[in-house]
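Observations on chain architecture
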Amino acid sequence: MRFAVLTSGGDAPGMNAAIRAVVHQADALCMEVYGVWRGLQGLVDQEWRPLTSRTCANILQPGGTILNTGRCQAFHLPAMRVQAARDLRDAGVDGLIIIGGNGSFTAAELLHRETGFPCVGIPGTIDNDIPGTDRTLGFDTALNTAVGAIDRIRDTASAHERLFLVEVMGRSSGMIAVNTAIACGAEAVLYPESEQDTYEALVSQLRAGWERGKRSSIVVVAEGDQSGGAFKIGERLRDDYGLDLRVVVLGHIQRGGSPTALDRIWGSRWGAEAVKRLAAGESAFYMGVKAGELVSIPLGKVHDQRPAPPKELAALVGVLAR
Ligand code: F6P
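Report on the accompanying structure. (Residues numbered from 1 in each chain as written. Predicted model: local features only at pLDDT ≥ 70, side-chain atom pairs only at ≥ 80, totals over all residues. Heavy atoms only, no water.)

Quick notes on the overall build of the protein chain
Counting its secondary structure elements, the protein chain contains ten helices and eleven strands. Scaling as 2.2 N^0.38, a compact globule of 322 residues should have a C-alpha radius of gyration of about 20 Å, and the protein chain matches this with 22 Å. Seen through its principal axes, the protein chain has C-alpha atoms that stretch 70 × 35 × 35 Å. Among the 322 residues that make up the protein chain, the fraction classed as buried is 53%. Total accessible area on the protein chain is roughly 13800 Å²; 50% of this is exposed by carbon and sulfur atoms. Between the centroid of the 33 positive side chains of the protein chain and the centroid of its 36 negative side chains there is a distance of 2 Å. (Helix = DSSP H or I, 4+ residues; strand = E, 2+ residues; numbered from the N terminus. Rg over C-alpha atoms; globule rule 2.2 N^0.38 Å. Buried < 20%, exposed > 50% of the residue type's maximum accessible area, 1.4 Å probe, protein only. Areas by Shrake-Rupley, 256 points an atom, 1.4 Å probe, with all protein chains shown as cover. Lys, Arg positive; Asp, Glu negative; His and termini not counted. Charge placed at Lys NZ, Arg CZ, Asp CG, Glu CD.)

Rendered as C-alpha cells:
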C-alpha cells in the first residue's frame, strides 16, 4: 500500500514528529509514503515525492513542517477535489493523511464524502480548537512560548510599575489566551468566546487591583477578541485614563520553536496510529486524545461546535490575581 501525507493551514510544532511517525510506521509495515508539498495546493499541483525513514532523519526537533504548508483557495472548488482524488488514485495512493486544523479537516471531510477517497486527520494547530480532542499538536509548545515571553515582560512591568497588554494568537479561539493567563499569573484576560470581558469590566478589575496595592499588571488579549485587539484597548485606556501602558504583540513567535515533549509524543503516536488504521481499511476519522487516551473521531465531527476555554478557568484568572 501507499499513503500520502501533507500539512495544511497554520504550521504547528509537532507536525514534523507526526510526519516522521507516518513514514517510520509505514516502513515497518512495508508500505510507502509520498510527501505532498505546500498543503492542499500540492494535491492540486501533484507536487509529491517519496519520503523515506532517512529523509525524515532529525526532524523531530525543529518546529515548522518539512513539507511546507499553506491555505488553498482552489480546494474550495468541488471539481478540484474530484481531480485530486483521481490524481492520487492514478499515482497508486491508497489513503491520505492530513495534518492540520479545522479548515484542513473540513477539506478532508469533503474530499472523502464526495469522492470516497480514504482520508485521516491528525490535529495540528496551536489554537487547540478542534472538536472532540483535548489537545492538538503545537498548543503545548505555543503555550510555553507565550508563558516564557510574558515572564520576561513581567520583570520589566514590575520594574517600571506599568500596565502591559500582551496579545497572543487565537483568531477565533481563547484557548491560548486563557491558559497563558493562568500560567503567567495575569491580572485579566480578554478572549473571543467570552461575553463578560467588556472594557468596563476590565477597567474595574484593574482599578480593584490598584486599590489592593498592585502597581503593575498584565492583561492577556487574544487576537480575535471583540475589543479589536491589544492596541485598540491600549489606545482607549490611554485616552480615558492617561496610563503609561505598553502593548506587546507576541505574534508568530508562538507558532515557531522546537516542540515540547508532549507535542512530540502525540505527534508520534497519532502519526503511527493513523497509518495502522488506514492499513487496516479504516478511514474518515481524525486522531485525538480524551482523558489521556488516544481516540479516533469521525471526520464529520469537525462541523461541531469548537471547544472554548472552560468558564471556570477564565474566572480563576481574576481570583488568582488578587
Ligand atoms: O495557526 C492558527 C493561527 O495561529 C491563528 O491563531 C491565527 O489567527 C492564524 O493562525 C494566523 O495565521 P497566518 O498569519 O498564517 O494567516
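Resuming the write-up.
Re the side chain of glutamine 25
Position of glutamine 25 relative to the elements: it lies in helix α1 (residues 15-28). Residues in contact with glutamine 25, not counting those within four places in the same chain, are Ala272, Val275 and Lys276. (Contact = heavy atoms within 4.5 Å.)

Some details on helix α7 (residues 199-211)
Across its 13 residues, α7 extends 18 Å between first and last C-alpha, which sits within 8% of the 18 Å expected from 1.5 Å per residue. Tyr199, Leu202, Val203, Leu206 and Gly209 are the residues of α7 that are buried. Projected down its long axis, α7 shows its buried positions confined to an angular sector of 125°, all on one face. Of the residues in α7, the exposed ones pointing more than 90 degrees away from the buried face are Glu200 and Glu211. Lining the buried residues of α7 we find β6 (163-168), β7 (188-190), β8 (217-222) and α8 (230-241). Downstream of α7 by one or two residues, glycine 213 has phi in the positive range, about 100°. (Expected span 1.5 Å × (residues − 1). Arc of directions from axis to C-beta.)

Side note on the site of the ligand
Taken together, Gly10, Arg71, Ile126, Asp127, Met169, Gly170, Arg171, Glu223, His252 and Arg255 form the complete shell of residues around the ligand. In the model, an oxygen atom of the ligand is placed 2.8 Å from a nitrogen or oxygen of the aspartate 127 side chain. Here histidine 252 contributes a side-chain N or O atom positioned 2.7 Å from an oxygen atom of the ligand. About the coverage of the ligand: the protein hides 81% of its 400 Å² of free accessible area. A breakdown of the residues in the shell around the ligand according to their chemical character gives two nonpolar, three polar and five charged. (Near = heavy atom within 4 Å. Polar contact = N/O pair within 3.5 Å; in protein donor to acceptor, adjacent residues only side chain to side chain. Nonpolar A, V, L, I, M, F, W, Y, C, P; charged D, E, K, R; others polar.)

Structural notes on the environment of glutamine 83
As for its position among the elements, glutamine 83 is in helix α3 (residues 78-90). Distance from glutamine 83 to aspartate 94, taken between C-alpha atoms, is 15 Å for residues eleven residues apart in sequence.

A few points about the nonpolar core
Ranked by internal contacts, the top residues of the largest apolar core, which has 58 residues, are Ile97, Ile99, Ile122 and Val220. In terms of residue count, the dominant contributor to this core is helix α5 (residues 139-160) (nine residues). Valine 220 has contacts with Ile150, Val166, Val168, Ala177, Ala181, Cys184, Ala186, Ala188, Val189 and Leu190, leaving out every residue within four places of it along the chain. (Core = buried A, V, L, I, M, F, W, Y, C linked by side-chain atoms within 4.5 Å.)

Comments concerning the sheet that holds strand β9 (residues 246-249)
With parallel pairing, four strands are arranged side by side in an open sheet as β7-β8-β6-β9. The outermost strands of the open sheet, each flanked by one partner alone, are β7 and β9. Averaged over all pairs of adjacent strands, the angle between their axes in this sheet comes to 20°, without regard to strand direction. As paired elements, β6 and β9 share four bridges and run parallel to each other. When the sheet's bridge partners are listed, valine 166 is paired in β9 with valine 248. In the packing of α5 onto the sheet, contacts are made with β6, β8 and β9, and the angle to β6 comes to roughly 165°. (Pairing = 2+ DSSP bridges. Axes fitted to C-alpha atoms, helices over the stretch in contact; angles between N-to-C directions.)

Thoughts on the sheet that holds strand β2 (residues 32-36)
The sheet built from seven strands is open, its strands ordered β3-β2-β1-β4-β5-β10-β11 with mixed pairing. Edge strands, defined here as strands with exactly one partner in the open sheet, are β3 (48-51) and β11 (293-298). Mean inter-strand twist for the sheet, computed between neighbouring axes without regard to direction, equals 30°. As judged from the four bridges shared by β2 and β3, these two strands associate in the antiparallel manner. Paired with valine 33 across the bridge in β3 is leucine 51. Packing of α1 onto the sheet brings it into contact with β1 (2-7), β2, β3, β4 (95-100) and β5 (119-123), and relative to β4 it is tilted by some 160°.

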